[in-house]
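One letter stands for each residue in the lines below.
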Amino acid sequence: MNKTIPPIVFNGVSLYFNNRAALDDVTLEFQRGKTTAVIGSSGSGKSLVLKCAAGLIFPDEGIIAYEGTSIASMKETLYQQMQARTGFHFQDAALWANKSLGENLSLPLLSTNPDYTDSDLKNKVDESFASVGLKLDPSLRPASISMGQRKLVSFLRATITRPEILFLDDPLAFMDREGSRQLIAEIEQFRDDGATIIIATHDSTLIKTMADQIMVLTHGRLSASGSYQDVLPLLRELV
Amino acid sequence: MVETIGLQVRQSIKQISYAAGFQLFLFRETFNFLSRRRIGLKVLIMQILFTGVEALSIISLLSLGIGAVIIIQGAQLPDFLLGDQLYRILIIVITRELGPLLTAFVIIARSGSAITTELGNMVVSHEMEAYLSVGIHPVSQLGVPRLIGVSLSMVLLTMYSNVFGLLGSLTVSSIISGVRLTDQLAALFSNFHMVDIIASVAKSFIFGLIIAATSVYYGFSVNGAVTEVPVKTIRSIGMSIVLCIIADGIIILITVLLGASNL
């Protein structure tokens, strides 16, 4: 890993849905070890930027480079290594409905290390639940817990392998005050440990307290970027 | 107009090449399954349970009924129940044709549709993206175990269907003709050839591959709208039936050309 180059770079990235540009010629860089907030009104393309950056969606035009290598032309092994070093927290949790909560957390661990024993996995899952104060039976299915709890479990799934890059898509959506507090504390921990964090959010507190860099999207285009003070006038309109 | 036709042709070529690429990837990943079996093993076991074990009752009922009906209808013909010809007809009709086809239709209706619906809903709820985000390809995790599970279940269920179909036929034949069931079974076994079993197994395995690959493909081809799921499920069912019938025709042609059909 070359630490002098930004971990993720967008170069002229466009993405179309039904001939409409959902992302339009986006060029940007996410800085290593920094927290970047991607903001914009609903439908501006925040989630798409995160998904493209994480290699979950490939753009129709332009290049997205991870550690200097285009994600679209990456070899399968390198792509898997990239995914092992990143974590994605989905807006709607996206837990695997037909798997237990324990299995939802075990699978990323097994993906990075197939040699984990069942007892290793159980310990890791228990530790993970305890870290955010979740007192849940790991054998439960996602459908039997609240949306806020699902979001917490989804966060744990994204972070259980201690990724270097963390993508958080509207992390505080559907969360109550206590859940939000726990989640913010966990994100801060990751930031303090030097992780690169990219957050799509509407939450002004999260933006103000966490973001080193803010990127503003308007109708799929990057309309502004900079520090909190730089984009403050725009923030008042957007969040 | 020419432009529209050109656009449609281009779109069709794109779709066909995508489908071909998807199937190649699915089959390639199937060969890699053993090295990753710990992750996909539970999905495989659940698939065999759902496709194979849970379908046993409906398959036995249908096969028994159809086996019995063949004899009831055939008994209207003169001399149908006399001589070894009856057993060859039953073996050819049930083992080589009805068993695999009937089982295929039941599996398409139960498992094929369920696979497409389940995978389609997983696309809509971003569960596929979640697999990608943890470094697991959803085709390897979800498609491959279904391909293996459905194909294995299809072979076993076809054998099961054959047994019940023949049993249904012989039971009714025994009642009508008065010949003891054990004598009928002995006569049936003496008329069985290895090629009958090979043809039945080969057909059912190929049908299983077709059903699983088609259902998985249509499930993954949902783009994100929940309204697409029933549409893709209907297409998956229709396409599976058509492909199974085409495959059936090709296999029959091959056995005829090889001279194995008269054995």
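Residues numbered from 1 in each chain as written. Chains lettered and ligands numbered in written order. Predicted model: local features only at pLDDT ≥ 70, side-chain atom pairs only at ≥ 80, totals over all residues. Heavy atoms only, no water.

A few points about the pattern of salt bridges
A complete count under the given rule lists 19 salt bridges over all chains for this structure. Linking B:Glu129 and A:Lys51 is a salt bridge whose minimum nitrogen-to-oxygen distance equals 2.9 Å. With B:Glu129 in helix H5 (residues 127-133) and A:Lys51 in helix H1 (residues 46-53), the pair connects residues from two separate chains. Pair check on accessibility: B:Glu129 and A:Lys51 agree, each one buried. A salt bridge links A:Arg181 to A:Glu178, with the nearest nitrogen and oxygen atoms 2.8 Å apart. With A:Arg181 and A:Glu178 both in helix H6 (residues 177-192) and three residues apart, the pair spans about one turn of that helix. By sharing partners, the salt bridges in this structure join A:Arg32, A:Glu67, A:Arg85 and A:Glu164 into a single network. (Salt bridge = Lys/Arg side-chain N within 4 Å of Asp/Glu carboxyl O. Helix = DSSP H or I, 4+ residues; strand = E, 2+ residues; numbered from the N terminus. Buried < 20%, exposed > 50% of the residue type's maximum accessible area, 1.4 Å probe, protein only.)

Here we look at the domain arrangement of chain A
How big an interface is tends to be expressed through the accessible area that disappears when the partners come together. All names here are of chain A. Taken domain by domain, chain A holds domain 1 (1-85 + 165-176 + 188-239) and domain 2 (92-162). Each of domain 1 and domain 2 has a C-alpha centre, and these two points are 25 Å apart. Of the residues lining the interface, 11 residues belong to domain 1; the matching set on domain 2 comes to 10 residues. Interface of domain 1 and domain 2: buried area, both sides summed, is about 810 Å²; carbon and sulfur atoms make up 73% of it. Considering only the side of domain 1, the residues that lose the most area to domain 2 are Phe 174, Met 175 and Phe 190, jointly responsible for 57% of the buried surface there. At the surface where domain 1 touches domain 2, the tally comes to one salt bridge. (Domains from an automatic or database assignment. Contact = heavy atoms within 4.5 Å. Buried area = accessible area lost by both parts, 1.4 Å probe.)

Let's talk about the side chain of A:Lys51
The exposure class assigned to A:Lys51 is buried, which follows from its relative accessible area of 8%. In this structure the side chain of A:Lys51 is engaged in a polar contact, spanning 3.5 Å, whose partner is the side chain of B:His126. Not counting chain neighbours up to four residues away, the residues in contact with A:Lys51 comprise A:Leu56, A:Ile57, A:Phe88, A:Phe90, B:His126 and B:Glu129. (Polar contact = N/O pair within 3.5 Å; in protein donor to acceptor, adjacent residues only side chain to side chain.)

Some points on helix H3 (residues 56-74) of chain B
Residue and element names in this part refer to chain B. Between its terminal C-alpha atoms H3 stretches 27 Å, which fits the 27 Å expected from 19 residues at 1.5 Å a residue. Looking only at H3, the buried set comprises Ile 59, Ser 60, Ser 63, Gly 67, Ala 68, Ile 70, Ile 71 and Gly 74. Viewed along the axis of H3, the buried residues span an arc of 150 degrees, placing them on a single side of the element. Of the exposed residues in H3, those oriented more than 90 degrees away from the buried face are Ser 57, Leu 61 and Gln 73. (Expected span 1.5 Å × (residues − 1). Arc of directions from axis to C-beta.)

Things to note about the packing of aromatic side chains
Scanning all chains against the criterion turns up 11 aromatic pairs over all chains. Judged by centre distance (4.5 Å) and plane angle (40 degrees), the rings of A:Phe88 and A:Phe90 are tilted. Like A:Phe88, the residue A:Phe90 is buried in the burial classification. Plain terms: the ring middles of A:Trp96 and B:Tyr131 are 4.4 Å apart, the flat faces sit at 20 degrees to each other, and that makes the pair stacked. Taken together, the residues span two chains, with A:Trp96 in the loop between strand S6 (86-89) and helix H3 (101-112) and B:Tyr131 in helix H5. Neither A:Trp96 nor B:Tyr131 differs from the other in exposure class; each is buried. Sitting over the ring of A:Trp96, A:Arg157 keeps its end group 4.4 Å from the ring centre. The lysine or arginine in question, B:Arg110, covers the ring of B:Phe50, its NZ or CZ lying 4.6 Å from the ring centre. (Phe/Tyr/Trp six-rings, centres within 6.5 Å; stacked < 30°, edge-to-face > 60°. Lys NZ or Arg CZ within 6 Å of the ring centre and 35° of its normal.)

Points about helix H2 (residues 76-84) of chain A
Three- or four-residue spacings in an α-helix give side chains the same orientation, since the helix completes a turn every 3.6 residues. Taken together, the buried positions of H2(A) are occupied by A:Tyr79, A:Met82 and A:Gln83. Relative to the axis of H2(A), the buried residues are bounded by an arc of 95 degrees and lie together on one face. Buried-residue contacts for H2(A) involve strand S4 (61-66) and S6 of chain A together with H5 of chain B.

Side note on the sheet that holds strand S5 (residues 69-70) of chain A
Strand pairing in a sheet relies on backbone hydrogen bonds, with the paired strands running either antiparallel or parallel. All names here are of chain A. On the basis of which strands lie adjacent, the open sheet formed by four strands has the order S2-S1-S4-S5 and antiparallel pairing. Each edge of the open sheet is held by one strand with a lone partner, namely strand S2 (20-30) and S5. In this sheet, S5 lies alongside S4 in antiparallel orientation, the contact comprising two bridges. The residue of S5 that forms the bridge with Tyr 66 is Thr 69. Packing against the sheet, H1 makes contact with strand S1 (8-17), S2 and S4, and its axis sits at approximately 125 degrees to S1. (Pairing = 2+ DSSP bridges. Axes fitted to C-alpha atoms, helices over the stretch in contact; angles between N-to-C directions.)

Describing the interface of chain B and chain A
In this assembly, 20 residues from chain B lie in contact with 29 residues from chain A. Together, the buried faces of chain B and chain A total about 2000 Å²; carbon and sulfur atoms form 49% of this surface. Counting every contact that joins chain B to chain A gives three salt bridges. Inspection of the region where chain B meets chain A yields eight residue pairs in polar contact (both at pLDDT 80 or more). When residues of the side of chain B that touches chain A are traced back to their parent elements, those giving at least two are helix H1 (2-31), helix H2 (37-51) and H5 of chain B. Tallying contributions element by element places H5(B) first for the side of chain B that touches chain A, with six residues. Residues of the side of chain B that touches chain A, tallied by class, amount to eight nonpolar, five polar and seven charged. (Nonpolar A, V, L, I, M, F, W, Y, C, P; charged D, E, K, R; others polar.)

So, the sheet that holds strand S8 (residues 196-200) of chain A
Residue and element names in this part refer to chain A. Pairing is mixed in the open sheet, where six strands are placed in the order S6-S7-S8-S3-S9-S10. In the strand order of this sheet, the two ends are held by S6 and strand S10 (221-226), each with one partner. Averaged over all adjacent pairs, the angle separating strand axes in this sheet is 15 degrees, with direction ignored. Sheet analysis places strand S9 (residues 213-218) next to S10, joined by five bridges and oriented antiparallel. Of the residues in S10, the one forming a bridge with Ile 214 is Gly 226. Strands in contact with helix H5 (residues 147-159) are S6 and strand S7 (165-169); relative to S6, the strand with the most contacts, it is inclined by about 170 degrees.

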